Amino acid sequence: MEQKTPDSDTPIAETGGGAGGKWRIRLIAVLTVAVVVIAIAFWTGIRAQGYETVTVDGVFNPDGLTVYPVNGEDDQAQVKITAIPREAFLNGDGGAAALQARNVLPETILPISPLYTVRMRRAEKVTAEMVLPNGADPLSRLAIYRWDEALARWVFVPIIYDAARQMIVFDITQSPAYVMAVHVTPPSPAVGLMVEEDGSAPVPDYGLVFPRGAAIAETGDLIWTPVISDAAVVIPVVENQRGGFTAYDDAALADRYIEEIAIFVAPYSGIAIDFAISGGFSPFVEALAENLHSAGKRLDMILRQEDLQAVDLPALRAYVDGFWVMGGSDPDAYLAGGAVHTMLEYVTRVVEREHVGLIVDVSPVDIVGESIRVITVAEATTLFGRLDVVDGYIDPTDMTVPVNQEVPLRFSGKIESLGYDDARGMNYLTYRDSLGAIHHVYFPSGYSVRQQLEWARDYAIGGVSISGLENHLFPEDVMEGARAFLNQQPVDPPDELFVIWQVVTPAGAEQIAAGTGQAAIQVMWQGAEIPGPASISALLRIGMVEALLGEISLQVIDN
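Just so it is clear, the model here is predicted, and its values are computed rather than measured.

Participant: Looking at this structure, I do not really get the overall build of the chain. What am I missing?
Facilitator: Helix and strand counts for the chain stand at ten helices and 36 strands. With 559 residues in all, the chain has 47% of them scored as buried. Of all intrachain contacts in the chain linking residues separated by at least 6 positions in sequence, the fraction that spans at least 24 positions is 68%. Total accessible area on the chain is roughly 26,700 Å²; 52% of this is exposed by carbon and sulfur atoms.

Participant: Would you mind showing me how to read the sheet that holds strand β18 (residues 237-240) here?
Facilitator: Where strands meet in a sheet, backbone hydrogen bonds hold them as pairs that are either parallel or antiparallel. The sheet built from eleven strands is open, its strands ordered β16-β15-β18-β19-β20-β21-β22-β31-β13-β14-β17 with mixed pairing. Both edges of this open sheet fall to β16 (222-223) and β17 (233-234), since each of them pairs with a single strand only. Pairing of β18 with strand β19 (residues 270-275) involves four bridges; the strand directions are parallel. Within β19, the residue paired with glutamate 239 across the bridge is aspartate 274.

Participant: Could you clarify how one ought to interpret helix α4 (residues 251-265) in this entry?
Facilitator: Quick reminder: α-helices carry 3.6 residues per turn. Residues three or four places apart thus point the same way. For α4, spanning 15 residues, the distance from its first C-alpha to its last is 21 Å, which sits close to the expected 21 Å at 1.5 Å a residue. Burial in α4 covers these residues: Ala254, Tyr257, Ile258, Ile261, Phe264 and Val265. The arc enclosing the buried residues of α4, seen along the axis, measures out at 125°, which places them on a common side. Among the exposed residues of α4, those pointing more than 90 degrees away from its buried face are Ala252, Glu259 and Ile263. At its buried positions, α4 is contacted by β15 (214-216), β16, β18, β19 and α5 (281-294). The opening residue of α4, the one whose side-chain oxygen lies 3.2 Å from the backbone nitrogen of alanine 252, is aspartate 250.

Participant: What is the right way to look at unusual backbone geometry in this model?
Facilitator: For the peptide bond that leads from aspartate 137 to proline 138, omega is 0°, which places it in the cis range. Structurally, the position occupied by proline 138 is in the loop between β7 (126-131) and β8 (142-148). With an omega of -5°, the peptide bond running from serine 175 to proline 176 counts as cis. Counting through the fold element by element, proline 176 comes out in the loop between β11 (167-172) and β12 (177-184). Backbone geometry places arginine 122, a non-glycine residue, at a positive phi of 60°.

Participant: Hey, could you run me through the packing of aromatic side chains in this one?
Facilitator: Remark: the centre distance and the inter-plane angle together describe each pair of aromatic rings, the angle taken between the planes. If you walk through the whole model with that rule in mind, you get 14 aromatic pairs. For the pair phenylalanine 89 and tryptophan 154, a centre-to-centre distance of 6.3 Å together with 80° between the ring planes defines the contact as edge-to-face. Taken together, the residues phenylalanine 89 in helix α2 (residues 86-90) and tryptophan 154 in strand β9 (residues 153-157) connect sequence positions 65 residues apart. For the residue pair phenylalanine 89 and tryptophan 154, the accessibility class agrees, reading buried in each case. On the numbers, 5.8 Å between centres and 75° between planes, the contact of tyrosine 145 with phenylalanine 156 is edge-to-face. Here tyrosine 145, found in strand β8, pairs with phenylalanine 156, found in strand β9; they are eleven residues apart in sequence, far enough to count as distant. Per residue, the accessibility class of tyrosine 145 equals that of phenylalanine 156, and both read buried. In this structure an aromatic cluster arises from ring pairing among Tyr248, Phe275, Phe281 and Phe284.

Rules of the game
- Residues numbered from 1 in each chain as written.
- Predicted model: local features only at pLDDT ≥ 70, side-chain atom pairs only at ≥ 80, totals over all residues.
- Heavy atoms only, no water.
- Helix = DSSP H or I, 4+ residues; strand = E, 2+ residues; numbered from the N terminus.
- Buried < 20%, exposed > 50% of the residue type's maximum accessible area, 1.4 Å probe, protein only.
- Contact = heavy atoms within 4.5 Å.
- Areas by Shrake-Rupley, 256 points an atom, 1.4 Å probe, with all protein chains shown as cover.
- Pairing = 2+ DSSP bridges.
- Expected span 1.5 Å × (residues − 1).
- Arc of directions from axis to C-beta.
- Polar contact = N/O pair within 3.5 Å; in protein donor to acceptor, adjacent residues only side chain to side chain.
- Phe/Tyr/Trp six-rings, centres within 6.5 Å; stacked < 30°, edge-to-face > 60°.

Okay, here's the thing in structure tokens:
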């Protein structure tokens, strides 16, 4: 039989298993195996590098970080997660990038988690969940920061804290991303005063003031007068909370107000807007910020509780220099779980703490039910009414009284009691209105202000401001609490709120009674031993100051 050479034209199928056919089969087999080996090596290489496809189940790192798709569905994103233990990072281990990051770590942040490195492929953003690290308390100072290699600095990352699952949730938008949980240490906050439109303040020598008075009127006009102040930094407040301009998405009107505000702010360091929120607000703020920043001016923003869900704070933080949380005048707002607690908890998770401040309103307030009204001390004293002798003891037409005769005196007003509220750190008085409803009038003190300002240290924010000093007879007493807060010194609770009864007769002056409760409303004078004029007065003592409540003149005569 004729033998075919390996280069024969005879098809392999027809060789009947000859030598040439076997050679070709072996070649194909070798090539197939090679392809399989290469494919396996390729995918094994990826796995060896640590990259995994991001699914709805997440890519998990055993040190405590899981990455999920942003849209909650499987996609083609791949991530690689590595971690450097906290102690190793602080010791300078973990490579050049980690060492550089550690060397410029600000003193204001203290690492409490590993330093995680997340590398992404085929994605611009993923969502991360970090298990709450050991030592995360107090949660009020918890934050996520990332190391930015390009900027060579640590950058704040907005978060959501899932309390039920003990998870910190945030987005990752860079690759590689170096992220870790930290505690922010309390700074020495800037202290300012909110004052009246003329720039005057009851307590002088404060470097930062927020004069009030500028506003957008119902007519749509910006109304203001020049502010006169010796403070180093003057940031007038422009208010638009009561029916003024809200058509922020009207380009022509928005441009008009931005121009008017730019003219107004020219002599000052910047402005603080206290605006009602409506459609188009964020773009308006962005345009206003660009205008003011181009002129070297600040743009601050006052936040009320109802504003928090109405504005995109993570977006506005790129344009607003300072967010001031308005604590308000309700004493309950400053208690644990109150409005100040919840507002600071939210704001500090989406805005860098150094750009957050707290405004504490120290005005006395009149509270009945859900109604809260700011009241001055002078107004509160009028609630005592007129000082009179109890009916039936003397003739009101001549106001004479025999020697040694007892004289009962009382107030004609609505006051029912005086007291002290330990939780709020404030004295109070109660009275009943014409409808029979009981009112509580609270008087802030240096002690209560010290307590309220402590929220700023709890959340490690950058500033505080005091509002409402003009409503006090003795603001220095209130500001003592602010100084104690700054110096981290204690303040004693206020002296008890009470009424002092005094009498002046020809025999001299004497204190005849002092007290709270009924002793504050009614007193029995034992009478004078010698004839002559007698003057009886009652004074309300509030901390270090006394306010005259009433005075009555009698003539003591022989029997």
